[in-house]
Amino acid sequence: MEENEHYRGNSNAIVDETEQHDVMNNVLFLELKHLCVQLLDLLQNSKKNHFFLSQLLHLLQRSSPPSLQPFLDYTLFPLLLLFDASVNCRSSMESKSKDNSLVFIPLETEQKVSDSVGEGVVLCLEEVLKKCHLGSVDQMAVILRKLTNGAMLSPLEASEEFREGVIRCFRAVLLNLCPCSNDSCPCKQIADRPVLPSENELQLPVPNVSKYNSVSKECSLAFLQSEPASAAVGHWLSLMLKAADNEATRGHRGSSRIRVEALITLRMLVAKVGIADALAFYLPGVVSQLGKVLHASRTMISGAAGSTKALDQAIRALAEYLVIVLEDGVSASICGVPADDISASFSSKQKPLASFLEDLRHLPVKNIMPDDARDSTESVEEGSIMSGEDSILVNADTKVGPLHINRTVDWLAKTTAHVNKLLSATFPHLSVHPNKKVRQGILTSVQALLCKCSYALKESRLMLLECLLVLVCDDSEDVSSDAQAFFRLLVSSKGKLQIEHDISELFSRLLEKLPQVVLGNEESVALSHAQKLLAITYFAGPRFVADHLLLSPVTAARFLDVFASCLSQNSVFAGSLNKLAATRTTSPGFMHSISEIQAITSAENSRFLVYQRSRDLHKHVKNEYELPSMPPWFVNVGSQKLYQTLSGILRLVSLYMFTDSRSEGSYSGLIDIPLGHLHKLIVELRRKELHKESWQSWYAKTISGHLVRQASTAVCILNEMIFGLSDQAITSLNEMFRSGLQHETNDVNGDDIGKFCGQGAALLEDCVQKIYQNSGARTRLIDYIGNVLHEYVSTEVWDLPLELSSPQQSGEDGDISFHAFNDNAVLHQVIIEGIGVFNICLGKEFSSCGFLHSSLYMLLENIICSNFQVRRAADSVLHVISNTQNCPTVGHLVLENSDYVIDSVCRQLRHLDVNPHVPNVLATMLSYVGVADKIFPLLEEPMRAISMELEILGRHRHPILTLPFLKAVAEIAKASKHEACELPNEAELNKKDVNLRMLTAETRTEKNFGHSRSNANNALDKENMDSGNCKTEADMIEEWKSVIFKFNDSKRYRRIVGSIAGSCLVAATPLVASADSASCLKSLDVIEV
């Protein structure tokens, strides 16, 4: 009973729903009937009020497709009649077919349909076609014929809204053409939608296959693909292209909306036809017309011709057409090559039946094309498309064969040659288009062509890959992320053997042309070229780089020679005079050390303020002077961004070569190539010293200046290569290409990635682990840096003059060119920056390995260098080292290494002939770093050596060291004065401290004695008291011992202060009456200058 009641309840519900549906249909029919009658009345009387059109449109919009489908014919009939009337009264001529000839006569219509009525009818017709499926192919043909007449109206004959509505109606018809239910129908082979859709296009909803479409005897999509519909398809292709071209030729009067709608409809038509046989005949004409749109983007930036939306649609339409006609599987069957050998790894697998039908379509045709048809085909290959009604009204006696072309190997070669020419002329320019949507369209097209047409367009593969690399480095994250993900997937795919060859060839081509574009006049071109090379290096991976550079030592040397040409000092001549003048320094500059000393002096009572201000100063130095910085001569060539790109390539190559397991010994050879240029300069300088040759004669040689500039470039390259092994370099590279990691697809199996693989940040993280977790790799890195640093601190390099010598030697050096001094200063600057780079790379190990000790003297000496750029570089590097070694200031850095520094100074003071720079190091350390008072007890022995050198014999042996020694004496004297002034205050404080201690001790003794007498009878308390008295006495003894030790230290310190002050007086007093007393007084800071 319950089941019966439940069944009856469901049946009643179904009946109620059916009745309700019938009622709604009846209501809808009544409303449509009333409005359709008014449409017919309006057709008879055009002056009748047409306000009901808006009601009809609203009714159609709120009606659901299932409810509107039964009344399709009833609604279409008056709308099409009124549409025909609108078209006929606007057409200036009528085409009549009589005796199979075309005759055009003017139209004479008494009743004219107004624009508002025509536009309203088009909107209603679009809504009906959007929601209802056409019942048969004949009905579709009738509607398309009527829409064709409307689409042929010129801008002078119809309004913009009417012409746009006609195109939208045609697109609605196409959108509602769905595949049939027959699995063997050719409609199953097409994608049914444009294969490259963008985000905000094709707003129409996805149609649903209804019963009205499934019961149709003939498939509409199959009809579009058939030979009888070929002429109509060609005609509509022509109409859409013509509509887009007409708006472009009208300039600012043209409608960009019609242009965009025409191109979108063109894409929809191509997708619905979807097979190569039906579209190949029209390929030359479509490609040439779309090529005009792409070419116009170079010159037109406004109006309909400059519409970026239309340009995006044209790019996608071109790619979709080529993908259908020149798809790899189709091209393989034409050339007789197995499809598996050239199939794209990203293409979807076709069904066996579809593959079988594809093979049948490519079987040779028995009948031979007539001569007239062959002539017609040849004319189309030249770039023409059938236009007007010629494609529909075809006379049987004209002997025009089927609009089909035999796709042979020759046809494929000629077609692809024209396509390659078009793509090469347009795609590189569009890859850097300022509009992001256009670049996204180019990216989507490049992806489709590389995946689907890599065999047919093999001549364009390198160009397409080059465009892809440009988009990989795009400024927009939306573009670059997709491009990076696709390129990573492309290079790691299995079965794309030609991609490896293409990328290798592209890498060689980009590397070969790099110096030419960098030294050219177009910085944007150079930057784009360098970014492409950087991207291909990043994603290719270490094995790819090693395979190209480890073929022979010649290939590695050739690679470094390319970058030496780009970064050489000869590149200064590539820039303009305006750029050269703008880079000249007009101010004496600013030294961070002075600011640091002032900050510490003003906050010496607060250690927190010292650390806070030092941290702020370190941050300011890092922002202002980033290591490694752009070499000073490169500013005449390009911007900081160009240099960062070039240096990124060097850093990547260095990282890949160092971490590749096959190139452990080869990395040393790679480092030795630029290091050899610096060593060659050192050898020449040693030969100069051996022959006691003057600087004037040495610079008179042609090779001397070239050696210095070559060494500067080599040092710059070495700095970048070593910096590439640091955390900062790897982080910056990951940030540059980080966006592509978020869009990476899951279709690639990690186990299948072979030698030609690049995995972005994950790969770089593996490289970092090899460097920092592998003790052997870390040891090799330290050895490499030690070898390079050994050449960097060679005394011969630092003996190069930076300015004219003293007046006594002006005759010797007077003829040296200013450019030579500038070259020497630049070499010193990049070497100093290299020391900072080594510190960044090694961190704490830079000090533990002894590299800090071997370079600290030189850095301190160059703080007072005569050249500001060298002085600034040394100052900044000292701050970077202090920050890396966790020292708040440079003074703390020197103070932590004071024992080693002073010991080394004393040791080298005994051999001034070999180490003439030691006085400068000492003077610099004491003056600029401001630590003289902190290490005062250690200065007794250096001061004794200075006193000996300032005696008559010492000054005679080393006359040029007198002034540096006097500068050191002046700083030591200042420290002595400071300490001497502090001694009375310290003595007074010590006296008060001793008196307080004595008073405390006496008070404590009396208190303990009285307490012991009151507790004499208590043995236990006595023992405790005795124990407490013993502890107190021990503490008092220790306290007095510390006081005695403090007095002894103070006594020793006073003796040192007195000894040093006396040595300063003894050493400096005779020099006041010397021959050069003015210089001596200036050095001693006795007078103000």
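Residues numbered from 1 in each chain as written. Predicted model: local features only at pLDDT ≥ 70, side-chain atom pairs only at ≥ 80, totals over all residues. Heavy atoms only, no water.

## Concerning the overall build of the chain
Next up, step 1: The helix and strand inventory of the chain stands at 50 helices and two strands.
Next up, step 2: Of all 1089 residues assigned to the chain, the portion counted as buried reaches 49%.
Next up, step 3: Considering only intrachain contacts with a sequence separation of at least 6, the fraction spanning at least 24 residues in the chain is 81%.
Next up, step 4: When the accessible surface of the chain is split by element, carbon and sulfur atoms take 54% of a total near 52900 Å². (Helix = DSSP H or I, 4+ residues; strand = E, 2+ residues; numbered from the N terminus. Buried < 20%, exposed > 50% of the residue type's maximum accessible area, 1.4 Å probe, protein only. Contact = heavy atoms within 4.5 Å. Areas by Shrake-Rupley, 256 points an atom, 1.4 Å probe, with all protein chains shown as cover.)

## A word on unusual backbone geometry
Next up, step 1: Of note, K692 is a non-glycine position whose phi angle comes to about 50 degrees, a positive value.
Next up, step 2: Position of K692 among the secondary structure elements: in the loop between α31 (666–690) and α32 (695–700).

## Quick word on helix α20 (residues 436–452)
Since the α-helix advances by 3.6 residues per turn, residues separated by three or four positions end up pointing in the same direction.
Next up, step 1: Over its 17 residues, α20 extends 24 Å from the first C-alpha to the last, a length consistent with the 24 Å expected when each residue adds 1.5 Å.
Next up, step 2: Counting buried positions along α20 yields 14 of 17 residues, so the element is predominantly enclosed. (Expected span 1.5 Å × (residues − 1).)

## Structural notes on the environment of G329
Next up, step 1: Counting through the fold element by element, G329 comes out in helix α15 (residues 328–335).
Next up, step 2: In this structure, the C-alpha to C-alpha distance between G329 and C453, residues 124 residues apart in sequence, is 8.7 Å.

## Quick look at the confidence of the model for the chain
Next up, step 1: Within the chain, residue pLDDT values average 75, and 69% of them lie at 70 or more.
Next up, step 2: Scored below 50 in pLDDT, residues 363–401 shows 54 contacts in the model against residues more than four places distant or in partner chains.
Next up, step 3: Taken together, the stretch residues 573–577 has pLDDT below 50 and engages in four contacts with residues farther than four places along the chain or on a different chain. (pLDDT = per-residue confidence, 0-100.)

## Examining the pattern of salt bridges
Where side chains of opposite charge bring their charged atoms close, a pairing between them can arise.
Next up, step 1: Considering all chains together, one arrives at 25 salt bridges under this definition.
Next up, step 2: For R257, the salt bridge is made with E164, and the minimal N-O distance between the two is 3.0 Å. One end of the pair, R257, is in helix α11 (residues 256–273); the other, E164, is in helix α7 (residues 160–175), and 93 residues separate them in sequence.
Next up, step 3: Given the relative accessible area of 7%, E164 is considered buried.
Next up, step 4: Among the salt bridges present, the one from R651 reaches E720, with a minimum N-O distance of 2.7 Å. Note that R651 is positioned in helix α30 (residues 640–659) and E720 in helix α33 (residues 702–723), a separation of 69 residues in sequence.
Next up, step 5: On the accessibility criterion, R651 (6% relative accessible area) is buried.
Next up, step 6: For E720, a relative accessible area of 1% gives the class buried.
Next up, step 7: Members of the salt-bridge network, linked through shared partners, are E126, R168, R171 and E261. (Salt bridge = Lys/Arg side-chain N within 4 Å of Asp/Glu carboxyl O.)

## Examining the nonpolar core
Next up, step 1: Core analysis: the biggest nonpolar cluster contains 278 residues, and L147, L326, F427, F487, L514, Y792 and L827 have the highest contact counts within it.
Next up, step 2: For this core, the leading source of residues is helix α39 (residues 818–842), giving 14 residues. (Core = buried A, V, L, I, M, F, W, Y, C linked by side-chain atoms within 4.5 Å.)

## Thoughts on a nonpolar patch on the surface
Next up, step 1: Taken together, the side chains of L40, F77 and L81 present a nonpolar region at the surface, about 250 Å² in accessible area.
Next up, step 2: By the element assignment, L40 lies in helix α1 (residues 2–44). (Patch = residues over 30% accessible without salt bridge, like charges linked within 9 Å, V, L, I, M, F, W, Y side chains within 5 Å.)

## Quick notes on the packing of aromatic side chains
Each aromatic ring pair is described using two quantities: the centre-to-centre distance and the angle formed by the ring planes.
Next up, step 1: Counted under the stated rule, the structure contains 18 aromatic pairs.
Next up, step 2: Judged by centre distance (5.8 Å) and plane angle (90 degrees), the rings of W695 and W698 are edge-to-face. In this pair, W695 and W698 are both assigned in helix α32, three residues apart and thus about one turn of the helix distant. For the pair W695 and W698, one class covers both residues: buried.
Next up, step 3: Lying across the ring of W695, K688 places its NZ or CZ 4.0 Å from the centre.
Next up, step 4: The ring of F658 has R780 lying over it, and the distance from NZ or CZ to the ring centre is 4.7 Å. (Phe/Tyr/Trp six-rings, centres within 6.5 Å; stacked < 30°, edge-to-face > 60°. Lys NZ or Arg CZ within 6 Å of the ring centre and 35° of its normal.)

## Regarding the side chain of Q38
Next up, step 1: Relative to the helices and strands, Q38 resides in helix α1.
Next up, step 2: Judged by relative accessible area, which is 14%, Q38 ranks as buried.
Next up, step 3: Excluding its chain neighbours within four sequence positions, the residues that come into contact with Q38 are K48 and F52.

## Points about helix α14 (residues 308–325)
Next up, step 1: Taking 1.5 Å per residue, 18 residues should reach 26 Å; α14 reaches 26 Å between its end C-alpha atoms and fits that length.
Next up, step 2: Counting buried residues in α14 gives 16 out of 18 residues, a clear majority hidden from the surface.

## Overview of the packing of helix α26 (residues 553–567) against α30
Relative placement of two packed helices is described by the angle separating their axes and the distance separating the axes.
Next up, step 1: The N-to-C vectors of α26 and α30 enclose an angle of 160 degrees; their axes lie 12 Å apart at closest approach. It follows from the interaxial angle that α26 and α30 lie roughly antiparallel. Our pair here, α26 against α30, has a crossing hand that is left-handed. Residues F559, L560, F563 and L567 of α26 form the contact with α30, whose own contacting residues are Y643, L646, I649, L650 and V653.
Next up, step 2: Grouping the amino acids of the contact of α26 with α30 by side-chain chemistry returns nine nonpolar, no polar and no charged. (Axes fitted to C-alpha atoms, helices over the stretch in contact; angles between N-to-C directions. Parallel < 35°, antiparallel > 145°, perpendicular 65-115°, else oblique. Left-handed = near helix turned anticlockwise from the far one by under 90°. Nonpolar A, V, L, I, M, F, W, Y, C, P; charged D, E, K, R; others polar.)

## Focus: the state of the cysteines
Next up, step 1: All chains considered together, the criterion is met by zero disulfides.
Next up, step 2: Here C178 stays free of any disulfide, with the sulfur of C219 as its closest cysteine sulfur at 9.6 Å. (Disulfide = S-S within 2.5 Å.)

## Focus: the packing of α7 against α11
Next up, step 1: Remark: α7 packs on α11, axes separated minimally by 9 Å, with the N-to-C direction vectors making an angle of 20 degrees. Relative to α11, the element α7 lies roughly parallel. Judged by the sense of rotation from one axis to the other, the crossing of α7 with α11 is left-handed. In this structure, α7 uses E160, R163, E164, I167, R168, F170, R171, L174 and L175 to contact α11, whose residues at the interface are R257, I258, E261, A262, I264, T265, M268, L269 and K272.
Next up, step 2: Looking at the contact of α7 with α11 residue by residue, the class counts come to nine nonpolar, one polar and eight charged.

## Considerations on the environment of D84
Next up, step 1: By the secondary structure assignment, D84 is in helix α4 (residues 72–90).
Next up, step 2: Note on D84: relative accessible area 17%, which makes it buried.
Next up, step 3: Remark: the alpha-carbon pair of D84 and N149, spanning 65 residues in sequence, is separated by 8.4 Å.

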